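The residues making up each chain are set out below.
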Protein chains: 2
Amino acid sequence: MPRAGDEQVTFQPMGRRADPQPGHNLLQLAQNAGVGLEAPCGGKGLCGKCRVRPEGQATPLTPAEKALLGPEAGLGLRLACQTALPQGGAVWVPPESRSQRQVILTSGQSGELELDQAVRAYPVRVPPPSLKQPEAAQERIFSALAAVAADRLSSSPELPFSLLQRLPGLLAGGGDLKVTLRKGREIVDLGTAQEGPPLGLAVDLGTTTVVAYLCDLDSGKLLAVSSEMNPQVPYGDDVISRMSLCAGGPQELSKLSRAAVECVNALALDACAQAGARPSRILECVMVGNSAMHHIFLALDPASLAIAPYAPVARGPVEVKARQAGLALGLEAWLYWLPLKAGFVGADIVAAALAVGADELEEPTLLLDLGTNGEMVLAAGGRMLACSTAAGPALEGGHIAQGMRGAPGAVERATLEPGAASAGLRVIGGQRPVGFCGSGLVSLISCLLQAGALLPSGGFDPERGKGLVRPGEHGLEFVAAPAGATGHGRDLVLTSQDVAEVQLAKAAIRAGAEVLMAEMGIERISRVLLAGAFGNYLDPGEAARIGLFPPVPVERILGVGNAAGVGAVMALLSQKQRRRAEELAQAMGYVELSGHPLFQDLFVDSMAFPGGDA
Amino acid sequence: MPRAGDEQVTFQPMGRRADPQPGHNLLQLAQNAGVGLEAPCGGKGLCGKCRVRPEGQATPLTPAEKALLGPEAGLGLRLACQTALPQGGAVWVPPESRSQRQVILTSGQSGELELDQAVRAYPVRVPPPSLKQPEAAQERIFSALAAVAADRLSSSPELPFSLLQRLPGLLAGGGDLKVTLRKGREIVDLGTAQEGPPLGLAVDLGTTTVVAYLCDLDSGKLLAVSSEMNPQVPYGDDVISRMSLCAGGPQELSKLSRAAVECVNALALDACAQAGARPSRILECVMVGNSAMHHIFLALDPASLAIAPYAPVARGPVEVKARQAGLALGLEAWLYWLPLKAGFVGADIVAAALAVGADELEEPTLLLDLGTNGEMVLAAGGRMLACSTAAGPALEGGHIAQGMRGAPGAVERATLEPGAASAGLRVIGGQRPVGFCGSGLVSLISCLLQAGALLPSGGFDPERGKGLVRPGEHGLEFVAAPAGATGHGRDLVLTSQDVAEVQLAKAAIRAGAEVLMAEMGIERISRVLLAGAFGNYLDPGEAARIGLFPPVPVERILGVGNAAGVGAVMALLSQKQRRRAEELAQAMGYVELSGHPLFQDLFVDSMAFPGGDA
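The structure displayed is predicted, hence computed values, not measured ones. (Residues numbered from 1 in each chain as written. Chains lettered and ligands numbered in written order. Predicted model: local features only at pLDDT ≥ 70, side-chain atom pairs only at ≥ 80, totals over all residues.)

Topic: the overall build of chain A
Scanning chain A from N- to C-terminus turns up 17 helices and 26 strands. Relative to a compact globule of 614 residues, whose C-alpha radius of gyration would be 25 Å, chain A shows 26 Å and is just as compact. Seen through its C-alpha atoms, chain A measures out along the principal axes to roughly 100 × 65 × 50 Å. Residues classed as buried in chain A amount to 55% of the 614 residues present. Summarising the internal contacts of chain A: among those between residues at least 6 apart in sequence, 68% fall at separations of at least 24. (Helix = DSSP H or I, 4+ residues; strand = E, 2+ residues; numbered from the N terminus. Rg over C-alpha atoms; globule rule 2.2 N^0.38 Å. Buried ≥ 20, exposed ≤ 12 C-beta atoms within 10 Å, placed from the backbone. Contact = placed C-beta atoms within 7 Å.)

Section: unusual backbone geometry
A negative phi angle is the norm for most residues apart from glycine, just as the trans form is the norm for most peptide bonds. Cis rather than trans, the peptide bond between Ala308(A) and Pro309(A) has omega equal to 5°. Mapped onto the fold, Pro309(A) is located in the loop between helix H9 (303-306) and strand S13 (318-321). One non-glycine residue, Lys183(B), lies in positive phi territory at about 50°. In this fold, Lys183(B) is placed in the loop between strand S7 (175-182) and strand S8 (186-192). In this structure Lys183(B) comes out as partly exposed when scored by C-beta crowding, with 14 C-beta atoms within 10 Å. We note that His399(B) has phi near 60°; this positive angle belongs to a residue other than glycine. Tracing the sequence through the fold places His399(B) in the loop between strand S17 (383-389) and strand S18 (410-415). For His399(B), a count of 16 C-beta atoms within 10 Å corresponds to the partly exposed category.

A short note on the domain arrangement of chain A
Residue and element names in this part refer to chain A. Split into domains, chain A comes out as domain 1 (4-98), domain 2 (119-192), domain 3 (199-337) and domain 4 (362-614). The gap between the C-alpha centroids of domain 1 and domain 4 is 27 Å. Counting from both sides, the interface comprises eight residues of domain 1 and, opposite them, 11 residues of domain 4. (Domains from an automatic or database assignment.)

Details of the interface of chain B and chain A
Residue-level contacts link 34 residues of chain B with 34 residues of chain A. Mapped onto the side of chain B that touches chain A, the elements with two or more residues apiece are helix H4 (137-149), helix H5 (161-170) and helix H9 (303-306) of chain B. With six residues, H5(B) is the single largest residue contributor to the side of chain B that touches chain A. Taken together, the residues that form the side of chain B that touches chain A break down as 21 nonpolar, eight polar and five charged. (Nonpolar A, V, L, I, M, F, W, Y, C, P; charged D, E, K, R; others polar.)

Some thoughts on the sheet that holds strand S20 (residues 435-436) of chain B
Residue and element names in this part refer to chain B. Strand order across the open sheet formed by three strands is S19-S18-S20, with mixed pairing between neighbours. Two strands bound the open sheet, and with one partner strand each, they are strand S19 (424-427) and S20. One ladder, built from two bridges, connects S18 with S20; its direction is parallel. Pairing of Ala 410 across the sheet is with Gly 435, part of S20. In this fold helix H11 (residues 438-451) packs onto S18 and S20, with an angle of close to 25° to the strand it touches most, S18. (Pairing = 2+ DSSP bridges. Axes fitted to C-alpha atoms, helices over the stretch in contact; angles between N-to-C directions.)

Points about the relation of the copies chain B and chain A
Between chain B and chain A, the superposition needs a rotation of 180° and an axial shift of 0.0 Å, giving an RMSD of 0.2 Å. In short, the pair behaves as if placed about a two-fold rotation axis. Taking C-alpha positions as the reference, the residue of chain B nearest the rotation axis is Gln324(B), at 6.1 Å. Most of the interface of chain B is mirrored in chain A, where 100% of its interface residues again form contacts. (Least-squares fit on C-alpha atoms with pLDDT ≥ 70 in both.)

Some details on the sheet that holds strand S19 (residues 424-427) of chain A
All names here are of chain A. An order of S19-S18-S20 is seen for the three strands of this open sheet, with the pairing classed as mixed. Two strands lie at the open edges of the sheet, namely S19 and strand S20 (435-436), each paired on one side alone. Of the pairings in the sheet, the one linking strand S18 (residues 410-415) to S19 comprises four bridges and is antiparallel in character. When the bridges of S19 are listed, Ala 414 appears paired with Leu 425. With respect to the sheet, helix H11 (residues 438-451) is in contact with S18 and S20, its orientation differing from that of S18 by roughly 25°.

Focus on helix H15 (residues 563-573) of chain B
Residues and elements named next belong to chain B. The buried fraction of H15 is high, at 11 of 11 residues. Buried within H15 are the following residues: Ala 563, Ala 564, Gly 565, Val 566, Gly 567, Ala 568, Val 569, Met 570, Ala 571, Leu 572 and Leu 573. For H15, the elements touching its buried residues are strand S9 (199-205), strand S10 (209-216), strand S12 (282-289), helix H10 (347-355), strand S24 (527-531) and helix H16 (575-587).

Here we look at the nonpolar core
A general tendency of soluble globular proteins is for nonpolar side chains to be buried together. If you look at the biggest cluster of nonpolar residues, it comprises 424 residues, and the most contacted ones within it are Leu367(A) and Leu367(B). Aside from chain neighbours lying at most four places away, what touches Leu367(B) is Ala352(B), Ala353(B), Val356(B), Ala358(B), Met376(B), Val377(B), Ala379(B), Leu529(B) and Ala531(B). (Core = buried A, V, L, I, M, F, W, Y, C linked by C-beta atoms within 7 Å.)

A look at the pairing of strand S14 (residues 334-337) of chain A
Residue and element names in this part refer to chain A. Neither face of S14 is exposed, since Trp 334 and Tyr 336 on one face and Leu 335 and Trp 337 on the opposite face are all buried. In terms of strand pairing, strand S12 (residues 282-289) meets S14 through four bridges, oriented parallel. When the sheet's bridge partners are listed, Glu 284 is paired in S14 with Trp 334. The pairing of S13 with S14 spans four bridges and is classified as antiparallel. From the neighbouring strand, Val 320 faces S14, where its bridge partner is Leu 335.

Quick notes on the packing of helix H6 (residues 239-246) of chain A against helix H7 (residues 250-275) of chain A
Residue and element names in this part refer to chain A. Packing of H6 against H7 leaves a shortest axis separation of 7 Å and a crossing angle of 135°. On the basis of their axis angle, the class for H6 and H7 is oblique. Only Glu 252, Leu 253 and Leu 256 of H7 make contact with H6, whose side of the interface consists of Arg 242, Leu 245 and Cys 246. Along the lines of polarity and charge, the residues of the contact of H6 with H7 split into four nonpolar, no polar and two charged. (Parallel < 35°, antiparallel > 145°, perpendicular 65-115°, else oblique.)

Looking at the packing of helix H10 (residues 347-355) of chain A against helix H16 (residues 575-587) of chain A
Residues and elements named next belong to chain A. It is the contact of H10 with H16, at a shortest axis distance of 10 Å, that shows an interaxial angle of 115°. The chirality of how H10 crosses H16 is right-handed. Between H10, through Val 350, Ala 351, Ala 353 and Leu 354, and H16, the contact on the second element is made entirely by Gln 577, Arg 580, Ala 581, Leu 584 and Ala 585. The residue makeup of the contact of H10 with H16, split by class, is seven nonpolar, one polar and one charged. (Left-handed = near helix turned anticlockwise from the far one by under 90°.)

Focus on the confidence of the model for chain A
Residues and elements named next belong to chain A. This prediction gives chain A a mean pLDDT of 88; 94% of its residues lie at or above 70. When the criterion is pLDDT under 50, residues 100-111 qualifies, and its contacts beyond four places in sequence or with other chains add up to 30 contacts. For this predicted complex, the interface confidence reaches an ipTM of 0.79, while the overall pTM sits at 0.80. (pLDDT = per-residue confidence, 0-100.)

Structural notes on helix H7 (residues 250-275) of chain B
Residues that lie three or four places apart on an α-helix share one face, since the helix turns once every 3.6 residues. Residues and elements named next belong to chain B. Between the first and last C-alpha of H7 there are 37 Å, a value that for 26 residues agrees with the 38 Å anticipated at 1.5 Å per step. The complete set of buried residues in H7 reads Leu 253, Leu 256, Ser 257, Ala 260, Val 261, Cys 263, Val 264, Leu 267, Ala 268, Ala 271 and Cys 272. Close packing links the buried residues of H7 with S9, S10, strand S11 (222-229), helix H6 (239-246), S12 and helix H8 (291-297). Positive backbone phi, approximately 65°, marks Gly 276, located one or two places after H7. (Expected span 1.5 Å × (residues − 1).)

A closer look at the environment of Tyr590(B)
All names here are of chain B. On the secondary structure map, Tyr 590 appears in strand S26 (residues 589-590). Under the C-beta neighbour-count criterion, Tyr 590 is labelled partly exposed, with 17 such atoms within 10 Å. In sequence terms Tyr 590 and Lys 341 are 249 residues apart; their C-alpha atoms lie 7.6 Å from each other. If sequence neighbours within four positions are ignored, Tyr 590 has contacts with Lys 341, Ala 342, Val 345, Ala 386 and Cys 387.

What about the environment of Glu186(A)?
In this fold, Glu186(A) is placed in strand S8 (residues 186-192). Non-local contacts of Glu186(A), meaning those with residues more than four positions away in its chain, are made with Glu158(A) and Pro160(A).

As for the environment of Ser241(A)
All names here are of chain A. Along the polypeptide, Ser 241 turns up in helix H6. Ser 241 gets classed as exposed once you count the C-beta atoms within 10 Å, which come to 12. Ser 241 sits 154 residues away from Gln 87 along the chain, and the two C-alpha atoms are 50 Å apart.

Spelled out as structure tokens, the structure:
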């Protein structure tokens, strides 16, 4: 039932609202609300770029959408130019649909985010000294700056030593300069008047993937995006193995730290090359990542993160000169790491919570970042509670006999027609299958449950699975593809043990969510937001069918893309958002599950899959 | 005539007062006033250490003084244990007479300087984290610090990155630590509870000599003093030649800068070796020096100092991480340079003004630092006005045919008995003379004036100088010592040109002082304080006789030793004194003589020596 507030259309994660108007589709509403959507065809239903996920009663799929969206239409994706929400509701805009101009916004009324940059450049005219006023060059710079930025300049401005040393060369006599000021207090760059705009870099340091967003800090425009596999992956797939490596001594920590730092330097270089800029123009850098990535990047010994009580070395925002952390950006650029909440609730979750506006969500909403650790936040009516579950690597394909990452050759979706003797498989890259990635596992298990071949207990049903399951080395197993149809020439099978691993993972996640609900006195959640890549690939119906989270209507399970990256960009472009992230991290409660009295029972209760006809 | 305020005895430069008491000598009064004087013999007139310069009507010289002071008794020096000032007056305590314990003082009522260190160490007990309170190590440090230093800790304390990185190793679990806090805001050191006291280094970077004072920042005690010739001397004796060298390019500036920095590092090492400490324990460094030394040390291009309007690059206090300036002290130690007043009125003058309390002097007092540039401050009733005169190097022995620095072999004092055919010479080191240093020149010219061999115009009088002067290559000259009595086997002569050089120097100094008097509306000065080594060696009577400064009673011309160094130590031990120096530099007026309407005339008027019977 639509609630009173639902009569408006709310674009998320920006939180911008518009009143539905007869004859206006979502693309037009988005434009009214100042939300920029990619629409190179001008809204004619030809390009298929304006994809959104409406939440609520939408108008039916059009033929153009069926043609352009293909199977994705089944995942709740729609084209904004073909869709209306007559009764209002939320519309989630994935990052790839946002037009570059407004993902990161201009400012003022038509933007999604009010610009409030920490770093701003001012052109100044510095007078020469005279015998009557033989003022020092430093004083003349400060006076000239006060003339143009009086309202922003602190009473005790600072000029770093390296820039003081550069001053005589730049300012032989008087001259026109461009002065870049940070937080109204510290000059972080001095250049000629012709110098280009100051740039900013937002980095999401994921365990697997590192993404860097380069922005023009004058206009707020996104100039380039560059991403790369985390070069720490060869040292261990997950944070636990990397933290173990660091226990080997400071040189090991230093090696891993260096790898991540150099990766960010390379991404900055690449993004600058795309934008035709120099990395030395990057005068502010914001980073997010989980607590282990945070510690290792900053060369803070992560040992205490790995053992109870999982206390970080630093939890509040870390703000250091970028060069001190090894970054090759502007010489006086600062690096700002968003705060962590706890040892296993990192800056990435804080950033994701910022991106979806968790502090302002009214309806009980579960924000879930699925990975080796299922980190999650339950938000409702301004309250937020977070936890982290040791879900294990099953949902990333780990500990699965033929599991793999979401790479070419991985089964990402499965179908099982009633009575069919084998499964229909969608494989990344379209080639022959060689393994299962997380979304494929969830999909296949969901099909097997629906077909009755898999029992809620997690055991294969030899009766109903007849022709589908066979005895394997360690109990029954399901043959998803025979040797002749696979890429590696062996049968592709799902074992009983694989199913048990997925059960462990989903039980941990669901039990975690239920502990949060119990702690907050919430009986029913009304929305699930899946952050991160995995969340985007997961089919909401299938996820619900295996019981990955507490019951929630399928259309209210939404992928929100790289919310952590979006949060990092928000904090780069706006000091208000930075403070909001800090307040949000403070306000967010945290439940340590390992000592929680309810967790163990809920975990055991959650092992079973929902009844076969769920 | 003693004025009302003169009934007290005031010990300078500390400014501590005591009432004269019948039967109490100056040593006892000093002890009452909390002024520590060296007196290993316990005040029995045996050791000769408690030397002071009383200003006013003192009791007559005792036989013990005559024996222990020798010719220095003639310079106004007295032994405090042998002297009383029944009618009050000022007593100047040279640095070498101050007892180490109180040169730099303990604190409280018995000290001369109230300690108010920027840097303080606190022992803290840091609790381990718990599952209930899994606080970050950084937060636990801050909480533990707040528990012991609540009244001093800022609301937003800072932990530098290098110390954050060291935290996990120091704080595995909980533990007892010593935390060193700067200005209540930044932690500058973390160590075990057993770590010694934080140390501080005050450095007077002179053009010729560099002196470093190592202090215990807990007690304020002076632990060691180390000094060395400025290693820039081989690149040029004076600041002008060194600045010219810097004009050769950044690598030349860098070379000179490096030389000075390494000299300070070597002095720190030596002082620490004397005190049995490590340089890494030095957590605060204060420096003073003239504007050229300041710029070159900090690798700030001094070009603008050398040309009108002589604007410095930075004038206010420069506060940078010591390591950024190249100093090898504590990793997070700060370097604080006292402010400059102008291009040729440096931090050394500001420090000297602080040391003598120029901002609180009532009677018109001229503080003079004699060197290549005669820098001076006229202070009266809280007002201060400074200028710098291009005195030239004559008073340092430069541009003098047989001039030299005050090194062994230099004539430092001359006497000329009436009717004698040659001068009596006192030579540094007691050897045969090889040249004249500044004080020797002044002394000799004074004798020649008194004997009438030199006319007030500066020309030798062939009549009255008969037997003393002879024709030389460039006019008349005086033979101070014949070839047979010198160290180099040549006649030691004072030429007419030498006399002219001294006239130029003294005219510039005196004219500068008179401009200051005119600007301040002061007709008569009542005291001259001579800062620096030269001031200590100069005979006040002789200086007055050549007219080096406006007329002032001879007993009111006082050497105040290395006042700049004392000022640096004061700023090291007390933030109040540091602020006072900053305020003093602000409050001090500055007159640029090169454009001043009175200067040229006064300079010409001052060329002549006072009448021969002056």
